[in-house]
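In case you want the letters, here they are:
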Amino acid sequence: MKKILFSIVAIAMLVGCGSKDDDTPPNGGNGTTTPTTQSDYLPTKKVRTISCNFIIVEIDYTGGAPAPSLESTLEPSLNGQKFVAKTLNFAYEYDEKGRIKKITRKEEGKSDNVKTFIYGDSSVKITFPNEDTGGVENFEVGLNAAGNMLGLGTYDSKERLTNVPKIGDFEWTNDNLTKISEKRNWDGKITTFENQLSYNNNLNKNKFLLYNFEGDIVGSYMQYFDFRIGWIQGVAPKNLLQQMVLTKDGTALNYTHNYTYTFDNDGFVKTINETRNARAGSNTGLGYFTDVDYLTKLNTLITNIQNGTEKSKKYQLVSDKSDEKVFDIIIPIKVEKDKNGKTIDLIVNKVARHTFKLKTKNGTQVIDNIGIDISYNSDMTTTYQLNY
């Protein structure tokens, strides 16, 4: 989370106060009239405190835990991962115009983390602690004529975000943010990552605007409540987010978020359950190989899964091309206690992705090499309680 936070802050510091340029919205657009004042982007009911229960993952990087190996690929091993159940609380204070002026994060065993927002006529000064140095950082960003922050993203004529640096390009459908796309250049190859967003029928009275879904430790709402809930960044989606699916070059990855809500009598969110099928540890590549004994063992396992003899593991085909076949062997591992002995009842899915590269030899298709990548995904649920 810190990496993402400071990359955005760095961009904001380069921009400085910004300027009142072409971001002034015209009339017409989102429904009947494009919102033109800050109050249009703020919820009418103010949340005062939020508490959440979640699980973090601790990885042993000291070398004490055995590294994944070919022999252990199909075994239910966690390779040094530990899990810790935690509780986190946020408190909010508002200025006379209903804007957040202070966010206090309270985490067990840590000092309070305080962020402040001081508004002027055309800019806002934000201060926050630097968790790496122990000092306090600050930056100032300009506000456009509608009161939205400049430099942290660009807006269209309807005051909707169209791009956020380091996050991607935004696409809106029926007044909801439905796609976030980013192209990354890895060793000369352009790879496209997309967050596909879908919504339920409930109105987004809280004006939540989520757009960052990466990170192994925290949930997307947790990142939002920690800082960006205080950022005024244009029109929020009309409805409440129901699901996010991450894709790579059009193929869905094992990384999704699902959301359910309860409401108070005024239709504002009372609780959120965020379930993430997300990374529970860093990926490990075993490289390319051909090993007859392993192939025999793998073929037997797939046969037993498909005929129902093996019920504890799963086979999932990812893609099947003429020169490449990709599939996952999914091994559920039940974790009943966290690092401190607290009951968590967590399922961690060890995913061994196999990539078979094929070639034609003497008129027959044969295996050229096999690549294996091991990742750990878990269906973690973070519960948020909102108080007004």
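Cut-offs applied
Within each chain, residue numbers correspond to sequence positions counted from 1 in written order. Totals for whole chains, interfaces and linings use every residue, but because this is a predicted model, local features are given only for residues with pLDDT of at least 70 and side-chain atom pairs only at 80 or more, for both listing and counting. Heavy atoms throughout the structure, all of them, feed into the side-chain values; hydrogens and water do not. Labels follow the DSSP assignment, with helices taken as runs of H or I lasting at least four residues and strands as runs of E lasting at least two, numbered in each case from the N terminus. Buried means the residue's accessible area, taken with a 1.4 Å probe over protein chains only, is under 20% of the maximum for its type, while exposed means over 50%, and partly exposed covers the values in between. We define a polar contact as two N or O atoms separated by no more than 3.5 Å, with the added condition that, inside protein, one atom must be a possible hydrogen donor and the other a possible acceptor, whereas residues neighbouring each other in sequence contribute only through side-chain atom pairs. The term salt bridge refers to a pairing of a side-chain nitrogen on Lys or Arg with a carboxyl oxygen on Asp or Glu at a separation within 4 Å. Pairing between strands requires that DSSP locate at least two bridges from one strand to the other.

Peer 1: Help me understand the environment of E137 in this model?
Peer 2: Structurally, the position occupied by E137 is in strand β6 (residues 136–142). The exposure class of E137 is partly exposed, given its relative accessible area of 26%. E137 sits 22 residues away from K115 along the chain, and the two C-alpha atoms are 9.7 Å apart. Looking at E137, its side chain comes within polar contact range of the side chain of N130, at 2.9 Å.

Peer 1: What should I look at first to understand the pattern of salt bridges in this one?
Peer 2: Once their charged atoms are close, side chains differing in charge can pair, the charge on each being opposite to the other. Per the counting criterion, the structure on display carries 17 salt bridges. A salt bridge links E131 to R105, with the shortest nitrogen-to-oxygen separation between them at 3.0 Å. Taken together, the residues span a long stretch of sequence, with E131 in the loop between β5 (123–129) and β6 and R105 in strand β3 (residues 100–107) at a distance of 26 residues. Judged by relative accessible area, which is 36%, E131 ranks as partly exposed.

Peer 1: Honestly, the pairing of strand β17 (residues 324–337) in this entry has me stumped. Any pointers?
Peer 2: Along a regular strand, successive side chains alternate from one face of the sheet to the other. Here strand β16 (residues 314–320) pairs with β17 via six bridges, running antiparallel. Opposite Y315, over in β17, you have I329 as the bridge partner. What sits between the antiparallel neighbours β16 and β17 is a turn of three residues. Where β17 and strand β18 (residues 343–361) come together, 13 bridges link them in antiparallel fashion. Along β18, the bridge assignment pairs E324 with K357.

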